[in-house]
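Coordinate analysis (summary)
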Amino acid sequence: MIHAFTFDGTNIVLDVNSNAVHVVDEPAFNIIKEYAGATGGELVEKYAPVYGPDVVREILREVDELKNKGLLFSGDPLPGGYRPPEEGVVKALCLHLAHDCNLRCRYCFAGQGDFGGDRGLMSLEVGRAAIDFLMQTSGGRRHVEVDFFGGEPLLNRPVLFDLVQYGRFRAREAGKEIKFTLTTNALLLDREMQRFIGENDLAVVLSIDGRPGVHDRMRPFPSGEGSYRRVMERIKQFVHSPYCGEYYIRGTFTRYNLDFSEDVRHLAEAGFEHISVEPVVAGADTGYALRDEDVPVLLEEYEKLTRYLLGRHRQGRPVDFFHFNIDLEDGPCLPKRLTGCSAGLEYLAVTPGGDLYPCHQFVGRQDFRMGNVFEGLNSNPACFFREAHIYNKNACGQCWAKFHCSGGCHANALAFNGNLLEPYRLGCLLARKRLECALYLKVCTQK
Amino acid sequence: MSKHIKTINSRTLQSTVRNGGCGECRTSCQSACKTSCTVGNQACASGKKNN
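Below is a summary of the structure that appears in this document.

**Some remarks on the nonpolar core**
All names here are of chain A.
- Within the largest apolar cluster, 134 residues are counted, with the highest numbers of intra-cluster contacts made by Leu95, Phe148, Leu206, Ile249, Phe272 and Ile275.
- Ranked by the residues each element gives to this core, the list is headed by helix H16 (residues 425-445), at nine residues.
- Beyond its immediate stretch of four places on either side in the chain, Ile249 contacts Leu206, Ile208, Ile235, Val239, Leu267, Phe272, His274, Ile275 and Ser276.
- Listed in part, the 22 residues of the second largest apolar core include Ala20, Val44, Leu71 and Leu72.

This is the structure in structure tokens:
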């Protein structure tokens, strides 16, 4: 299977099964597109009058050579299908330090901080038990991860401070490396917090949506007042401080800002170099949910964004846009691509009370509760997630992007189709476009 | 030397099957997105590069 597309005059061919990427001239582009459905003789007959017989034969020789090397029209890497491992390792936890928030974001999947339950903070006892659970269930894995999440995790600062020290201690004891990430709206990111982040090497995800009007409309304080000014001030101060290491500026776009490339541009021009701006996940009953009719505009926005980012790269001011990152030589191995996001398996979310869920988006759904950090896992839901991979999803079989999106987000599939095996269609359309943009940028910026 | 087709990368997915799957890489949803799984943009954490 191949995917052939043109972006601003550059012809790109992705060989889906090998993941090889080729840049081709126009004659080769046309011939490759028809290669699988025609004989060499037919292609010569059709294209010799256009490009000349020698050129067509040259191209056919090049195609055959690449085919023999497994770089074009390669076969399925797992022709016998895929059997997921059953080892039951958990290597990453999303700790909900606070089911409470100092903002009332309108699109919040966490029910504006409380995940549909009582507002509450994770106790030290639960947090430490979660770390112990991670050390135990990660088995032989050396790298483990903890994301401090919420609501707003900085509402529970003492527990955060303790858990970082405790996690490091337990990891050292177990011969593991622990990586911490903090996802925050930045309002409580004061000097003390900044220093703590720097001294403890926390990666940080900072939430801001882009232009002031866009941000304020969706991310108000409980009073209704917009939070842009204070959030931007905090984030700028932190990102430009000596304490900021690995970070992403994380925004959400909705139907209210379909021109989201302007928001990415706004964030980039504010001096941020690592940006992730993503489509909202919302039910069709909300005014801000993305609709099918928005797709053409959104695809065009991704193209605009690509041109902007390429321009920045050429000016020597590159910006790393999370979903356009692609590493063709050292990217994930095939087994990683098949396990996807690992929700419900290697990755779990922990509520303030210590309950375990497949990921942060499932929290509060009792039918997906997978146990507790004190009692351990009841494994029932895990088998559904283990089997929710691209070889079991009908929509993925013939999709050229399957080894990059790995079948998409489980929570979206369930929310929109009620079925883990049926991907969220709008998400698929956007993911495919992002991959085209990413490949084009890669081709243009590779030395 | 190809005149019409320029290949950008030589590493194939097939070549990663044998030594891949160590599971030491980062969890894809954890690092930045939290709403939209993308695995292809992650980096391999193995020094062996799996091929």
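We are not done yet, so read on.
**So, the interface of chain B and chain A**
- Taken together, the contact pairs 42 residues of chain B with 78 residues of chain A.
- Between chain B and chain A, the buried area comes to about 5200 Å², and carbon and sulfur atoms account for 52% of it.
- Linking chain B to chain A there are two salt bridges.
- Put simply, Glu58 of chain A and Lys3 of chain B hold a salt bridge, and the shortest N to O gap is 3.2 Å.
- Applying the counting rule to chain B against chain A returns 28 residue pairs in polar contact (both at pLDDT 80 or more).
- When its residues are assigned to classes, the side of chain B that touches chain A shows 13 nonpolar, 22 polar and seven charged.
- Where strand E3 (residues 20-24) of chain A and strand E1 (residues 5-7) of chain B come together, three bridges link them in antiparallel fashion.

**Quick notes on the packing of aromatic side chains**
Residue and element names in this part refer to chain A.
- All told, the structure shown has 16 aromatic pairs over all chains when counted by the stated rule.
- Pairing Tyr248 with Phe322 gives two aromatic rings, centres 5.3 Å apart and planes at 85°, and the pair type is edge-to-face. With Tyr248 in strand E10 (residues 247-253) and Phe322 in the loop between strand E12 (320-321) and helix H11 (334-339), the pair connects residues that are 74 residues apart, well separated along the chain.

**Considerations on the pairing of strand E7 (residues 143-149) of chain A**
Residue and element names in this part refer to chain A.
- Burial of E7 is extensive: six of the seven residues sit out of reach of the surface.
- Pairing between strand E4 (residues 92-96) and E7: five bridges, direction parallel. When the sheet's bridge partners are listed, Leu93 is paired in E7 with Val146.
- Two elements, E7 and strand E8 (residues 177-184), share six bridges in a ladder whose sense is parallel.

**Concerning the layout of surface pockets**
All names here are of chain A.
- In this structure, the largest pocket spans a volume of roughly 640 Å³.
- Along the walls of the largest pocket sit 40 residues, with Tyr82, Pro85, Thr339, Leu345 and Glu346 positioned nearest its centre.
- Of all elements in the fold, only H11 and helix H12 (380-387) reach the threshold of two or more residues within the lining of the largest pocket.
- Grouping the amino acids of the lining of the largest pocket by side-chain chemistry returns 22 nonpolar, 12 polar and six charged.

**Considerations on the environment of Leu155 of chain A**
Residue and element names in this part refer to chain A.
- Take Leu155: it is sitting in the loop between E7 and helix H5 (157-174).
- Counting along the chain gives 29 residues from Leu155 to Thr184, while the straight-line C-alpha distance between them is 9.9 Å.
- If near-sequence neighbours (up to four positions away) are discounted, Leu155 is found in contact with Ala98, Asp100, Cys101, Asn102, Leu121 and Leu188.

**Quick look at the side chain of Arg157 of chain A**
- Here Arg157 of chain A shows up in helix H5.
- Leaving out residues up to four positions away in the same chain, Arg157 of chain A has contacts with Leu188, Asp190, Glu192 and Met193 of chain A.

**So, the packing of helix H4 (residues 124-137) of chain A against H5 of chain A**
Residue and element names in this part refer to chain A.
- One can describe the packing of H4 onto H5 by two numbers: an axis separation of 10 Å at closest approach and a directional angle of 25°. Judged by the angle between their axes, H4 and H5 are roughly parallel. Here the hand of the crossing between H4 and H5 comes out right-handed. Of the residues in H5, those touching H4 at Leu124, Gly127, Arg128, Ile131, Asp132 and Met135 are Val159, Asp162, Leu163, Tyr166, Gly167, Arg170, Ala171 and Ala174.
- Residues of the contact of H4 with H5, tallied by class, amount to eight nonpolar, two polar and four charged.

**Regarding the packing of helix H1 (residues 26-35) of chain A against helix H3 (residues 53-68) of chain A**
Residues and elements named next belong to chain A.
- Packing of H1 against H3 leaves a shortest axis separation of 10 Å and a crossing angle of 55°. If you check the angle between H1 and H3, you find them oblique. When you trace H1 past H3, the crossing you get is right-handed. For the pair H1 and H3, contact is made by Pro27, Ala28, Ile31, Ile32 and Tyr35 and by Val55, Val56, Ile59, Leu60, Val63, Asp64 and Lys67, respectively.
- Across the contact of H1 with H3, the residue classes break down as 10 nonpolar, no polar and two charged.

Criteria and cut-off values
- Along each chain, residues carry numbers from 1 onward, in the same order as the chain's sequence is written.
- Ligands are numbered from 1 and chains lettered from A, in the order in which they are written.
- For a predicted model such as this one, the threshold for reporting local features is a pLDDT of at least 70, and the threshold for listing and counting side-chain atom pairs is 80 or more; totals across whole chains, interfaces and linings nevertheless cover every residue.
- Hydrogens and water molecules were not included; the side-chain quantities draw on all heavy atoms of the structure.
- Here, nonpolar core refers to any group of buried Ala, Val, Leu, Ile, Met, Phe, Trp, Tyr and Cys residues whose side-chain atoms link them within 4.5 Å.
- Only protein chains enter the accessibility calculation, which uses a 1.4 Å probe; a residue whose area is less than 20% of its type maximum is buried, one above 50% is exposed, and one in between is partly exposed.
- In DSSP terms, a helix is any run of H or I states spanning at least four residues, a strand is any run of E spanning at least two, and both are numbered starting from the N terminus.
- Two residues form a contact once any of their heavy atoms are found within 4.5 Å.
- Here the buried area means the combined drop in accessible surface, using a 1.4 Å probe, for two parts upon being joined, counting both sides.
- Salt bridge, as used here: a side-chain nitrogen of Lys or Arg that lies within 4 Å of a carboxyl oxygen of Asp or Glu.
- For the purposes of these results, a polar contact is taken to be a pair of N or O atoms within 3.5 Å, where, inside protein, one atom must be able to donate a hydrogen and its partner to accept one; residues adjacent in sequence count only when each atom of the pair is a side-chain atom.
- Any residue that is not Ala, Val, Leu, Ile, Met, Phe, Trp, Tyr, Cys, Pro, Asp, Glu, Lys or Arg is counted as polar, Gly included; the first ten are nonpolar and the last four charged.
- We call two strands paired when DSSP finds no fewer than two bridges between them.
- Planes of paired rings set the category: under 30 degrees apart is stacked, over 60 is edge-to-face and the rest tilted, where pairs are Phe, Tyr or Trp rings (Trp by its six-membered ring) whose centres lie within 6.5 Å.
- Here a cavity denotes grid points, spaced 1 Å and computed from the protein atoms alone, that fit a 1.4 Å probe unable to get out, and a pocket denotes an open set having protein on both sides within 12 Å along at least 5 of 7 lines; residues with an atom within 4 Å of a point are the lining.
- Grid points are joined across faces, edges and corners, and a volume is the space filled by probe spheres set on the points.
- In this analysis, axes come from line fits to C-alpha atoms, helices being fitted only over the stretch in contact, and the angle between any two N-to-C directions falls in the range 0 to 180 degrees.
- Note on terminology: angles under 35 degrees are roughly parallel, angles over 145 are roughly antiparallel, angles of 65 to 115 are roughly perpendicular, and the others are oblique.
- Helix crossings get a hand from a simple test, with the near helix turned counterclockwise from the far one by less than a right angle marking a left-handed crossing and a clockwise turn marking a right-handed one.

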